[in-house]
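Structural description and commentary
This is what each chain is made of:
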Amino acid sequence: MSAGHLQRIGDLLGRGLGALTGTALFAMMLLTFVDVIGRKFFVAVPGALELSEMLMVVLLFSGMPLVAWHAEHVCFELVDAMYKGRAALWSVRFMDGACALTFGALAWAVWGFAGRTMAEGEVSSRLHWPIGVFIYLMAALLACACAMHVFRTCGAVPAGSASPEVTP
Amino acid sequence: MTACLLGFLAIFALMALRIPIAISMGLVGYVGLGLLKNFDMSLASVLEVVRSAGFSYTLSVVPLFILMGNFTARAGMARELFGLACAFLGHRRGGLAMATVGACAGFGAVCGSSVATAATMAKVAYPAMKELGYSDELATGSISAGGTLGILIPPSTVMVIYGLMTETSIGKLFAAGMLPGILMTVLMCGAVAWTAWRDPKAGAASERQTWLQRLAALRAVWGVVVLFGLVMGGIYGGLFTATEGAGFGAFGAFAFAVGRRQLSTRELGAILVESSRTTAMLFAILIGALMFGNYVNFTGMPDQLKTFVSQFGVHPIGVIVAICVIYVLLGTAMEELSMILLTVPVFFPLVMQLGFDPHWFGVLIVCVVMIGLISPPVGMNLFVLTTLLPGVKLSSVFRGVSPFIWAQILGLALLIAFPGISLIALRFVK
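So, a few notes on the structure that sits alongside this text. As the structure is a prediction and not an experimental result, all values here were calculated from the model.

Looking only at helices and strands, chain A has four helices and zero strands in total. Taking 168 residues into account, the globule formula puts the C-alpha radius of gyration at 15 Å, and chain A, at 19 Å, lies well above it. For chain A, the C-alpha atoms occupy an extent of roughly 65 × 35 × 30 Å along the three principal directions. Of all 168 residues assigned to chain A, the portion counted as buried reaches 50%. At a minimum sequence separation of 6, the contacts of chain A that also span at least 24 residues come to 77%. Total accessible area on chain A stands at roughly 7800 Å², and carbon and sulfur atoms take up 71% of it.

See below:
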């Protein structure tokens, strides 16, 4: 698969995840506001705290692949000047490869953890939602972050952004 | 102590290979704990950290304050704050630069981010200063340094993260930051005055405004006053927690932006995604730091450090000064939040064992972060300005910011010498 194909897949995945994470954040803001007003003047939103926790999972873990795709992880910028020409390109590829491995391994471990949580039948205390489902979601989204790093390792970058090849 | 130092060395080695700081800390934490104990326990610790960071209601304060800051930046409140500050200070030499610092302080009261404050004020204040013939050095220096007030004057994202990491009350931390924020504002205005005194051409005075004009400017900032009053008043009045205050503030800022017709659906989407991405990036570092923190605690480094310090009979304030010097030096080379998250697990227990107040130490931490944000060569605010103002040379920004760095170092010294400046406000918090 060419870098162009991977770029399109990455951008498409990024748009979907952007919609997911943005909606989760907006919902969390509305929920907090409505819950505070409701608790003071009317009635509290049932299970608002648990809903916020679930929304945090969606918000955070769907944001991770976006950070990966747009190369927004914080790095030690002073060392950038040490890498020039092809060394710069290969160091970026190496970094993306290492991140892909880390996120992949973490996704795998979290997937197993989700299975164990499901087997134990753990549910949230108020809404009785299965916690394992959300941990599965965490694992899937971490796998997406791994995929984004793999795409970047193969030379794909988000549309409109500079390719690492142009790094001086 | 050797195991912990090796851990730090490993992190720096990975960072030199351009591995992100979050991944470096997480990997070293996992491998370190695995080697010291066993890998099953280490993996369990990693999974617990990932799960608790994900399912954390308390941590939802972070994205909500980030969102509030981004909505506030969009709502156009910065322009009115700058107008007010200009009305009162513009007639002085360097007055617009002082007004910029003052407006940054006001904007910091509704936005907890240094970068957002600097970026917003760059768009508002820089054209006005250039119109009056201000030098690039003074204009960019005042904006980039003034922007750092965003994280000292509550609400503050850095204080929230420090509070969450050290289990210190976020409400009290916010209160502790108020007077230091005013002190830093005054000192930075002093830096402007000093620059304008040395080079009168750098910052000309504009026309003095009448009291009627000043009153009109004062009326225009009602939005900021209402938002700040709602969030901080709500938190200190016991109406809601910091997390609820953040949600309330984000909704308030959203309502202002919509009410002023400053927010299209497309921009709303962009702000939400940008806020989520910033949150995810911060949480990646937080998760990595928590994994590394577990390793640091297991090595017993904090206790050994205390024994090490007591062997030399160093005065406790000497330890604080040494920590601040380390932070200021590290801040010139490292991204500030990562630096804090990396080192707080080591320094915080030591500082507590020495009997210092966690809120006071939190304020000091924020101050060193402020200095780091404008210290060359990797001060984040400096790069924000050169990105937003492509006609300005980085060297001009570097030169312009130096009086402000000294002002902030003086402020830090005063805060160390007189802890009461930070702590007096705590008496009024329940």
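All names here are of chain B. Where helix α16 (residues 316-333) contacts helix α17 (residues 336-353), the two axes come as close as 11 Å, and the packing angle between them is 165°. The angle between the axes of α16 and α17 places the two elements in the roughly antiparallel class. You can see that α16 and α17 cross each other, and the crossing is right-handed. Judged by residue contacts, V319, I320, I323, I326, Y327, L330 and G331 of α16 engage E336, M339, I340, T343, V344, F347, L350 and V351 from α17. Split into classes, the residues belonging to the contact of α16 with α17 amount to twelve nonpolar, two polar and one charged.

Contacts between the two partners involve 53 residues from chain B, matched on the other side by 59 residues from chain A. Between chain B and chain A, a total of about 4900 Å² is buried, with carbon and sulfur atoms accounting for 79% of that surface. Together, R18(B), F55(B) and R277(B) form the three largest contributors to the area buried by chain B at its contact with chain A, with a combined 18%. At the junction of chain B and chain A, the tally comes to three salt bridges. A salt bridge links E244(B) to R39(A), with the nearest nitrogen and oxygen atoms 2.6 Å apart. The tally of links between chain B and chain A comes to nine residue pairs in polar contact (both at pLDDT 80 or more). Mapped by element, the contributors of at least two residues to the side of chain B that touches chain A are α1 (2-16), α2 (21-36), α3 (39-54), α4 (61-74), α13 (242-259) and α14 (265-299) of chain B.

Under the criterion given, the structure shown has nine salt bridges over all chains. Here the residues in one salt-bridge network are D35(A), R39(A) and E244(B), joined through shared partners.

Another point: empty space enclosed by the protein. Counted by the stated rule, this structure contains one cavity of 30 Å³ or more. Approximately 80 Å³ is the volume found for the largest cavity. Every residue lining the largest cavity is listed: C75(A), F76(A), E77(A), A333(B), M334(B), E335(B), E336(B), V378(B) and M380(B). Here the lining of the largest cavity is built from residues that sort into six nonpolar, no polar and three charged.

Next up on the list: the side chain of S124(A). Residues and elements named next belong to chain A. Examined against the element boundaries, S124 turns out to sit in the loop between α3 (85-120) and α4 (131-153). With relative accessibility at 5%, the residue S124 sits in the buried group. Apart from residues lying up to four places away in sequence, S124 is in contact with E50, M54, W129 and I131.

Considered for burial, the residues of helix α19 (residues 380-388) of chain B that qualify are N381(B), L382(B), V384(B), L385(B) and T386(B). Buried positions along α19(B) lie against α7 (114-131), α8 (136-147), α18 (358-373) and α20 (394-417) of chain B.

Here is what the cut-offs are and how they apply
- Residues numbered from 1 in each chain as written.
- Chains lettered and ligands numbered in written order.
- Predicted model: local features only at pLDDT ≥ 70, side-chain atom pairs only at ≥ 80, totals over all residues.
- Heavy atoms only, no water.
- Helix = DSSP H or I, 4+ residues; strand = E, 2+ residues; numbered from the N terminus.
- Rg over C-alpha atoms; globule rule 2.2 N^0.38 Å.
- Buried < 20%, exposed > 50% of the residue type's maximum accessible area, 1.4 Å probe, protein only.
- Contact = heavy atoms within 4.5 Å.
- Areas by Shrake-Rupley, 256 points an atom, 1.4 Å probe, with all protein chains shown as cover.
- Axes fitted to C-alpha atoms, helices over the stretch in contact; angles between N-to-C directions.
- Parallel < 35°, antiparallel > 145°, perpendicular 65-115°, else oblique.
- Left-handed = near helix turned anticlockwise from the far one by under 90°.
- Nonpolar A, V, L, I, M, F, W, Y, C, P; charged D, E, K, R; others polar.
- Buried area = accessible area lost by both parts, 1.4 Å probe.
- Salt bridge = Lys/Arg side-chain N within 4 Å of Asp/Glu carboxyl O.
- Polar contact = N/O pair within 3.5 Å; in protein donor to acceptor, adjacent residues only side chain to side chain.
- 1 Å grid on protein atoms, 1.4 Å probe; cavity = no way out; pocket = protein on both sides within 12 Å on 5 of 7 lines; lining within 4 Å.
- Points joined across faces, edges and corners; volume = space filled by probe spheres on them.

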